[in-house]
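# Residue-level structural notes
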Amino acid sequence: EAGVAQSPRYKIIEKRQSVAFWCNPISGHATLYWYQQILGQGPKLLIQFQNNGVVDDSQLPKDRFSAERLKGVDSTLKIQPAKLEDSAVYLCASSSLRGNGEQYFGPGTRLTVT
Amino acid sequence: GDSVTQMEGPVTLSEEAFLTINCTYTATGYPSLFWYVQYPGEGLQLLLKATKADDKGSNKGFEATYRKETTSFHLEKGSVQVSDSAVYFCALRWANTGNQFYFGTGTSLTVIP
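Structure report, in brief. Keep in mind that what you see is a predicted model, and the values were worked out from it rather than measured. (Residues numbered from 1 in each chain as written. Chains lettered and ligands numbered in written order. Predicted model: local features only at pLDDT ≥ 70, side-chain atom pairs only at ≥ 80, totals over all residues. Heavy atoms only, no water.)

For chain B, the helix and strand inventory stands at zero helices and twelve strands. Going from N to C terminus, chain B has its helices and strands arranged as β-β-β-β-β-β-β-β-β-β-β-β. Expected size for 113 residues packed as a compact globule is a radius of gyration near 13 Å; at 14 Å, chain B falls within 12% of this value. Considering chain B as a whole, with its 113 residues, one finds that 44% of them fall into the buried category. Of the roughly 5300 Å² of accessible surface on chain B, a fraction of 49% belongs to carbon and sulfur atoms. Averaging the positions of the 8 positive and the 11 negative side-chain charges in chain B gives two centres separated by 9 Å. (Helix = DSSP H or I, 4+ residues; strand = E, 2+ residues; numbered from the N terminus. Rg over C-alpha atoms; globule rule 2.2 N^0.38 Å. Buried < 20%, exposed > 50% of the residue type's maximum accessible area, 1.4 Å probe, protein only. Areas by Shrake-Rupley, 256 points an atom, 1.4 Å probe, with all protein chains shown as cover. Lys, Arg positive; Asp, Glu negative; His and termini not counted. Charge placed at Lys NZ, Arg CZ, Asp CG, Glu CD.)

Structure (structure tokens):
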């Protein structure tokens, strides 16, 4: 089966600009996660969706970050305006409601804010 | 709050050496424990897991045992290969909070021939 797809793979923007990332989870996976992975750190959960509803967004900086999953399939994560400290790899993962809840990760989008 | 502490890297080993990467956790109760691996330029992949105390997860020659008494889940491999060079993340997950993962900071391993 196809894995989790993300685009773009790399993005360089200037601070105060906006940027959007896209994720297409594994077909049939109801749960979708966005993580932020700053260099030298482990991934940190930003937001979790189940179908098109938000389960947890407690660590999402809502003044500048937003995410949606309107049809319960693919998702977009937006940053507006970007800050230097947003430079990181943004990982998308998905999991099935059935089984053991294992999360499957995409390759990530590496964002550099200059 | 819940957290995972990993041995700091980077770790450099010669091929066929023994590997241990330490991981301890802080949690109220008994979460599931995982090791994920991230090869250069790729996303995280599940390496192994254990869902209850005394369980041993194993895969590709790697092993880790869920030790409740020491709140640890150390990763071991008897003989590493160059292809094992990657970053390894220890993580815990609570099933009753929407399967949210808490990751350690990662340990970079380089195996030299």
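Here we take up the sheet that holds strand E3 (residues 19-21) of chain B. Residue and element names in this part refer to chain B. Within the open sheet, the four strands sit side by side as E3-E9-E8-E7. Their pairing is antiparallel. Every other strand in the sheet has two partners, leaving E3 and strand E7 (56-59) as the edge strands with one partner each. Across the sheet, the mean angle separating the axes of adjacent strands is 15° when strand polarity is ignored. (Pairing = 2+ DSSP bridges. Axes fitted to C-alpha atoms, helices over the stretch in contact; angles between N-to-C directions.)

Residues and elements named next belong to chain B. A complete count under the given rule lists two disulfides over all chains for this structure. Put simply, Cys23 and Cys90 are joined by a disulfide, and their sulfur atoms are 1.9 Å apart. The S-S bond linking Cys23 to Cys90 shows a torsion near -70°; that makes this disulfide left-handed. Placement of Cys23 in strand E4 (residues 23-26) and of Cys90 in strand E10 (residues 86-94) is noted, with a sequence separation of 67 residues between them. A residue is classified by how much of its surface remains accessible, and Cys90, at 0% relative accessible area, is buried. (Disulfide = S-S within 2.5 Å.)

As a further point, take the pattern of salt bridges. Scanning all chains against the criterion turns up five salt bridges over all chains. A:Asp86 is the partner of A:Arg64 in a salt bridge, and the nearest nitrogen-oxygen pair spans 2.5 Å. Of this pair, A:Arg64 sits in the loop between strand E6 (53-56) and strand E7 (65-68) while A:Asp86 sits in the loop between strand E8 (75-79) and strand E9 (88-95); the two residues are 22 residues apart in sequence, bridging distant segments of the chain. Judged by its relative accessible area of 12%, A:Arg64 falls in the buried class. By relative accessible area, A:Asp86 is classed as buried at 3%. The partner of B:Lys52 in a salt bridge is B:Asp55, and the shortest N-O contact between them spans 3.4 Å. (Salt bridge = Lys/Arg side-chain N within 4 Å of Asp/Glu carboxyl O.)

This part takes up the interface of chain B and chain A. Taken together, the contacts link 18 residues of chain B with 20 residues of chain A. Taking both sides of the interface into account, the surface hidden between chain B and chain A amounts to around 1400 Å²; carbon and sulfur atoms contribute 46%. Looking only at chain B, the three residues that lose the most surface to chain A are B:Leu44, B:Gln100 and B:Phe103, adding up to 30% of its buried area. Summed over the shared surface of chain B and chain A, the result is zero salt bridges. Seen at the junction of chain B and chain A, the total is four residue pairs in polar contact (both at pLDDT 80 or more). Mapped onto the side of chain B that touches chain A, the elements with two or more residues apiece are strand E5 (32-38), strand E6 (44-50), E10 and strand E11 (100-103) of chain B. Residues belonging to the side of chain B that touches chain A are distributed by class as follows: six nonpolar, nine polar and three charged. (Contact = heavy atoms within 4.5 Å. Buried area = accessible area lost by both parts, 1.4 Å probe. Polar contact = N/O pair within 3.5 Å; in protein donor to acceptor, adjacent residues only side chain to side chain. Nonpolar A, V, L, I, M, F, W, Y, C, P; charged D, E, K, R; others polar.)

For the rest of this paragraph, the subject is the nonpolar core. Core analysis: the biggest nonpolar cluster contains 27 residues, and B:Trp35, B:Leu47, B:Leu48, B:Phe73, B:Leu75 and B:Tyr88 have the highest contact counts within it. Of the residues forming this core, the biggest block, five residues, is contributed by E10(B). The next biggest cluster of nonpolar side chains, apart from the first, holds 21 residues, and it includes A:Trp34, A:Leu60, A:Ala88 and A:Val113. (Core = buried A, V, L, I, M, F, W, Y, C linked by side-chain atoms within 4.5 Å.)

What follows covers the sheet that holds E8(A). Residues and elements named next belong to chain A. Spatially, E1-E3-E8-E7 is the arrangement adopted by the four strands of the open sheet, whose pairing is antiparallel. Both outer strands of the open sheet, strand E1 (5-7) and E7, are each paired with one neighbouring strand and no more. Each strand axis lies, on average, 15° off the axis of its neighbour in the sheet, ignoring direction. As paired elements, E7 and E8 share four bridges and run antiparallel to each other.

All names here are of chain A. Residues of strand E11 (residues 109-113) alternate between two faces, with Thr109, Leu111 and Val113 buried on one and Arg110 and Thr112 left unburied on the opposite face. Here strand E2 (residues 10-13) pairs with E11 via four bridges, running parallel. Within the sheet, the bridge partner assigned to Ile12 lies in E11 and is Thr112. Here three bridges tie E9 to E11, and the two strands are oriented antiparallel to one another.

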